[in-house]
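Spelled out from the first residue to the last, the chains are:
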Amino acid sequence: MQIRVDADRLRADFDALASFGGTPEGGIRRTTFSAAHLDARAWFLDRARAAGLEASVDSAANHSAILPSRVPGAKTLLLGSHLDSVREAGRYDGALGVLCALEVVRAVQDAKLALPVALEAIDFTDEEGTLVGTLGSWALAGQLTAEHLDAPRGGRDLLVAEFERMGLTERGILAAGRDPTTLVGLLELHIEQGPVLERASVEIGIVTAISGSSSFHVQFEGEARHAGTTPMDARRDASLGAAAFVLGVRETTTRLFPGCVATVGDIAIEPGSFNVVPRGARLLMECRSPDAAELSTLEAALGDLARREAAAFGLGVTVERVGRWEPTPTDPRFRTALFDAATALGLSAMEVPSGAGHDAQAVAPITPIGMVFVPSVGGVSHDPSEYTSWEDCVNGANVLLGATVRLAQALSS
Ligand code: HGY
Ligand code: MN
Ligand code: MN
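Residues numbered from 1 in each chain as written. Chains lettered and ligands numbered in written order. Predicted model: local features only at pLDDT ≥ 70, side-chain atom pairs only at ≥ 80, totals over all residues. Heavy atoms only, no water.

Participant: Where do I start with the coordination of the manganese ion (ligand 2) in this structure?
Facilitator: Octahedral six-donor coordination of a metal ideally yields angles of 90 or 180 degrees, compared with 109.5 degrees for tetrahedral four-donor coordination. For the manganese ion (ligand 2), the full set of protein donor atoms is Asp93 (OD), Glu128 (OE) and His382 (NE2), at a range of 2.0 to 2.2 Å. When the donor residues of the manganese ion (ligand 2) are listed from N- to C-terminus, their spacing reads D-x34-E-x253-H. For the pair the manganese ion (ligand 2) and the manganese ion (ligand 3), the metal-to-metal distance amounts to 3.4 Å, and Asp93 bridges them. With Glu128 in the loop between β4 (118-124) and α4 (135-140) and His382 in the loop between β15 (369-374) and α13 (390-412), the pair connects residues that are 254 residues apart, well separated along the chain. (Donors = N, O, S within 2.8 Å, 3.2 Å for Na, K, Ca; no water. Helix = DSSP H or I, 4+ residues; strand = E, 2+ residues; numbered from the N terminus.)

So this is what it looks like as structure tokens:
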């Protein structure tokens, strides 16, 4: 008889966790190392201890709940995701994956299943990139470099201040790499964050590959001048280059890179007053492709676009890449285990690519990965209205459990 998760315990945890950083709109705000994020992480370790699991925090502040194996020298199967969030987030992104991982570990423990691998439910640090993006998972995988910390997405000053405040050191974070020979893999449950499963009326998504993405700081430089006395033809107005670039990003991507996406998520005009012609415009831009070579071509095309628009308006421009995540396939054995677990539960399942980035992508260079998706209503995510039915959440947790047991046997032999 296939064991099942304790749905009531999982629901109680889900509701408790959603209270950390809960917003009036029904979402959450748990940006990295915010008070709400720290409270959520402390609560996670408390739940681990309450279940008699080993609670641990590594030098990249990854938080883990561990069920050791009785087999001497047993390797570890990682299960997890992230508790940090974007600024105006929903209750499911990352959080559901961490909670289902914890619940799977407890269900195995409750069933007194003696697995030949240790299970580690893990909450990775800074997946969403308030500071770096997949900071904890890159660190665990030994993929984080000094360059990542020198030019991070959130800016070097914020990173230094936050590490200082949290008592973290760059040396410690760069030393958080896990010995790959101690791992058998990572399984991550996540909401799909897109419309595919809902449109197909399918309950479970078996992720085939995770899209690659690159993030950039783009800075247009003009001249601050009096808005009342400077003739229109005598200006070097940085906002004009920014505006043309934003429209050009959409036009270039849709026309020349139909399988890709690109976004300008923020524009800051400097100095930012009614009566001063903008001296500067600072943009956050990212672009994504399922193919590494295409991602590089898209990066180059958007960089050229920025330089063309700057020239058109007599501006200076700098384009600085502050992160790149490679397109990453999942492991076929993990896909099979997930599919078999879904089938055994009588659930419909289909293969689906991930347009979103995930911690699994960051860990893939050192250990096999698998991802299971549950449907997102309306395909909505990164918004308080993000929603997945509770039945789908429990189905996903049980598939994660079934795949965990299958892989524990298969991978340890
Ligand atoms: O940006 C992403 O794809 C993920 O939500 N960090
Ligand atoms: Mn996210
Ligand atoms: Mn996520």
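Participant: Just checking my understanding: could you explain the coordination of the manganese ion (ligand 3) for this structure?
Facilitator: For the manganese ion (ligand 3), the full set of protein donor atoms is His82 (NE2), Asp93 (OD) and His190 (NE2), at a range of 2.1 to 2.2 Å. Each donor residue of the manganese ion (ligand 3) belongs to the same chain, with the gaps between them written as H-x10-D-x96-H. Its relative accessible area of 1% is what places His82 among the buried residues. (Buried < 20%, exposed > 50% of the residue type's maximum accessible area, 1.4 Å probe, protein only.)

Participant: Sorry, what's going on with the nonpolar core here?
Facilitator: In globular proteins that are soluble, nonpolar side chains generally tend to be buried together. If you look at the biggest cluster of nonpolar residues, it comprises 59 residues, and the most contacted ones within it are Phe44, Leu96 and Val399. For this core, the leading source of residues is α13, giving 12 residues. Not counting residues within four places of it along the chain, the set of residues in contact with Leu96 comprises Phe14, Leu189, Ile191, Val374 and Cys393. (Core = buried A, V, L, I, M, F, W, Y, C linked by side-chain atoms within 4.5 Å. Contact = heavy atoms within 4.5 Å.)

Participant: Would you take a moment to explain the site of ligand 1 for this structure?
Facilitator: The full set of residues close to ligand 1 is Glu127, Glu128, Arg288, Ala356, Gly357 and His382. Between ligand 1 and Glu127, the relevant distance is 2.9 Å, taken from a nitrogen atom to a side-chain nitrogen or oxygen of the residue. Between ligand 1 and Arg288, the relevant distance is 2.7 Å, taken from an oxygen atom to a side-chain nitrogen or oxygen of the residue. Its residues assigned to classes, the shell around ligand 1 comprises one nonpolar, two polar and three charged. (Near = heavy atom within 4 Å. Polar contact = N/O pair within 3.5 Å; in protein donor to acceptor, adjacent residues only side chain to side chain. Nonpolar A, V, L, I, M, F, W, Y, C, P; charged D, E, K, R; others polar.)

Participant: In this structure, what is going on with the packing of aromatic side chains? I would like to understand it.
Facilitator: Enumeration over the complete set of coordinates arrives at six aromatic pairs. Note on Trp138 and Trp325: the rings are 5.0 Å apart at their centroids and 5 degrees apart in plane angle, and the pair reads as stacked. Pair noted here: Trp138 is in helix α4 and Trp325 is in strand β12 (residues 316-325), with a separation of 187 residues, a long-range link. We note that Trp138, like Trp325, is buried. (Phe/Tyr/Trp six-rings, centres within 6.5 Å; stacked < 30°, edge-to-face > 60°.)

Participant: Just to check I follow, could you spell out the sheet that holds strand β9 (residues 261-270) for this structure?
Facilitator: Note on sheets: strands pair through backbone hydrogen bonds, and any given pair is parallel or antiparallel. What the four strands build is an open sheet, ordered β9-β11-β7-β12; its pairing is antiparallel. Bordering the open sheet on either side are β9 and β12, each of which pairs with just one other strand. Along the sheet, successive strands turn relative to each other by an average axial angle of 15 degrees, direction set aside. Inspection of the sheet shows strand β7 (residues 212-221) paired to strand β11 (residues 280-289) by 10 bridges, in the antiparallel sense. Each bridged residue has a counterpart across the sheet, and for Val218 the counterpart in β11 is Leu283. On top of the sheet, helix α9 (residues 238-256) reaches β7, β9 and β11; it is set at about 175 degrees to β9, its chief contact. Along the sheet, helix α10 (residues 292-312) makes contact with β7, β9, β11 and β12, crossing β12 at roughly 165 degrees. (Pairing = 2+ DSSP bridges. Axes fitted to C-alpha atoms, helices over the stretch in contact; angles between N-to-C directions.)

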